[in-house]
Each structure stands twice: as C-alpha cells, then as structure tokens.
Amino acid sequence: MELIDARGIPCPKPVMLAEEALSRISEGIIEILVDNEASVKNLTRFANKNGFYTENLKEDNYWRVKIVKGYPCEIESPPESMKRAEEVTSSEVLSRLSEYFLIVATDTMGRDEELGRVLMKSFFETMKVTKELPKIIFFMNTGVKLTTINEELILILKDIEEMGVEIFSCGTCLKYYNLESSLKVGYRGTSNHIIENMKDYRTVWIG
C-alpha cells in the first residue's frame, strides 16, 4: 500500500497525487492523508467517478482516505466499511455533463491578477482531475491568452480536449490581441458558436 501525505497541500493537488499513484498500478490500495474536508470530498468524488472502493477515517486533526483499485469481481463482498462506487466510464461522464457550455472571458479570476492566475489554473486542474467536464469551452476577450501564450494552461487544456471537450477561441479576440498565429489548443471560433450553443446548452460564464 502506498501512503501519500498531502496534509497542508491545497486542492486539487491531493486528487492529482492520488490519480498519479493509481495510474502506476493495475490493482492495489493507496492511502492519502489530508487535513481538510474539502480534500476528503474531492478524493471521494474522484474515487466514485472512477469506480474505486473508498474509505474515510477521521483521526485527531486529519483524515485517512483509502482508495482501492482493481478489486477482484469474484470477491463475494467487500469490507463493510467500504462502498463500491458506481462505475462510470469517461463517455458516460461526458454524456452526463454534455449539457454545459462554458464561456471564459478572462485570463484571471477576481481583481488580484497574480492570485487570479493561480485560481484559474486551479479551476482547470480540478476540472481535469474530477472529470467535471462541459461539452464546449469558448474563450473570448483576454481569455484567449489561456489558449495561446499561457503555457501552463495550454498543457492542461490539451488534456481536457483529449477527454472529449470541444475548445474554441474567439477569432476577433485573437486578431485584436495579435494572437491569431499563436493558437495552441482548440480551434478558432466565431460569435455563431456562442449564439448556437447558448440555445442548445446550459451556459456558464467566467469573467
């Protein structure tokens, strides 16, 4: 069993550490130590979405989150303290969340630009890890900087795109910021993408 001490580490990093550890094994157990309930909930949600057994144990001032991967299907019953999470495939996840159209009209979150860049990166990292995915993401205004010159976000967005999310960047905005030749993830979009998708999907705005 691999033990990961993620105490003092903010979300979504504990989930990312768990995902990385689980990717290295075909079956087995990992245990993550965290010191806040938000991380417990995020780890449990992550386990549920991927069909893993999970068990949470509260210690004095932290939690032990145990995740079991590859539990043999012939086992008659798992330990009472463990629950078999509903097995959800990536296609089922996309199907459930395909009703959402996300518009990102800024490259930061909030008034403080430095903090806002950290929050924006954390937002998309959480989206990637938890697989809480919209059907389409449309970047506009300064948001197009995330698909062109923000190298950290570009890597994350490429992973999200590979998970089946359609990504577009406003062509007018790219031209305004002289970034037309710098697009590194997704495709050039137009206002038609906004109008049509706002009719077909539930729309969420950032910025």
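*Asks:* Hey, could you run me through the pairing of strand β4 (residues 63–69) in this one?
*Replies:* Moving residue by residue along a regular strand, the side chains alternate between the two faces of the sheet. The buried fraction of β4 is high, at 5 of 7 residues. As paired elements, strand β2 (residues 28–34) and β4 share 7 bridges and run antiparallel to each other. Across the sheet, residue Gly28 finds its bridge partner in β4, namely Lys69.

*Asks:* Explanation requested: helix α1 (residues 13–23) in the structure shown.
*Replies:* Note on helix geometry: an α-helix contains 3.6 residues per turn, so any two residues three or four positions apart are oriented the same way. Of all the positions in α1, only Pro14, Val15, Ala18, Ala21 and Leu22 are classed as buried. Here the buried residues of α1 occupy an arc of 125° about the axis, which is enough to place them on one side. For α1, the secondary structure elements touched by its buried residues are β1 (2–5), β2, α2 (37–49), β4 and α4 (113–130).

*Asks:* What is the right way to read the pairing of strand β3 (residues 53–58) from this model?
*Replies:* When β3 meets β4, the two strands line up antiparallel, connected through 6 bridges. What sits directly across from Leu57, in β4, is Arg64. The antiparallel pairing of β3 with β4 creates a hairpin that spans 4 residues between the two strands.

*Asks:* Please clarify how the layout of surface pockets should be interpreted in this entry.
*Replies:* It is a probe the size of a water molecule, rolled over the atoms, that shows where empty space is left. Its volume calculated, the largest pocket comes out at about 230 Å³. Elements supplying a minimum of two residues to the lining of the largest pocket: β6 (100–104) and α4. Sorting elements by how many residues they give to the lining of the largest pocket places α4 first, with 4 residues. Split into classes, the residues belonging to the lining of the largest pocket amount to 9 nonpolar, 2 polar and 1 charged.

*Asks:* Got a minute to help me understand unusual backbone geometry in this structure?
*Replies:* Trans peptide bonds make up most of the peptide bonds, and negative phi angles are found at most residues other than glycine. One non-glycine residue, Asn141, lies in positive phi territory at about 50°. Along the chain, the position of Asn141 falls in the loop between β7 (136–139) and α5 (151–162). Its identity as a non-glycine residue notwithstanding, Asn178 has a phi of 55°, on the positive side. Among the structural elements, Asn178 can be located in the loop between α6 (171–176) and β9 (187–189). What makes Asn178 exposed here is its relative accessible area of 66%.

Parameters and conventions
The residue numbers shown here count from 1 along each chain, following its written sequence. In keeping with the predicted nature of the model, local features appear solely for residues at pLDDT of at least 70, side-chain atom pairs appear and are counted solely at 80 or more, and the whole-chain, interface and lining totals rest on all residues. Derived side-chain values reflect all non-hydrogen atoms in the structure, with water molecules and hydrogen atoms excluded from consideration. Three exposure classes are used, based on accessible area relative to the maximum for each residue type with a 1.4 Å probe and protein chains only: buried under 20%, partly exposed in between, and exposed over 50%. The numbering of helices and of strands both runs from the N terminus, where a helix is a DSSP run of H or I of at least 4 residues and a strand a run of E of at least 2. Here a strand pair is declared whenever DSSP counts at least two bridges between the two strands. By definition, the arc is the one covered by directions from the helix axis to the C-beta atoms. The contact rule is simple, with two residues in contact once any of their heavy atoms fall within 4.5 Å. Grid spacing is 1 Å over the protein atoms alone, the probe is 1.4 Å, and a cavity is where that probe fits but cannot get out, while a pocket is an open set with protein on both sides within 12 Å along at least five of seven lines and lining residues have an atom within 4 Å of a point. Grid points are joined across faces, edges and corners, and a volume is the space filled by probe spheres set on the points. Note on residue classes: Ala, Val, Leu, Ile, Met, Phe, Trp, Tyr, Cys and Pro are nonpolar, Asp, Glu, Lys and Arg are charged, and everything else, Gly too, is polar.

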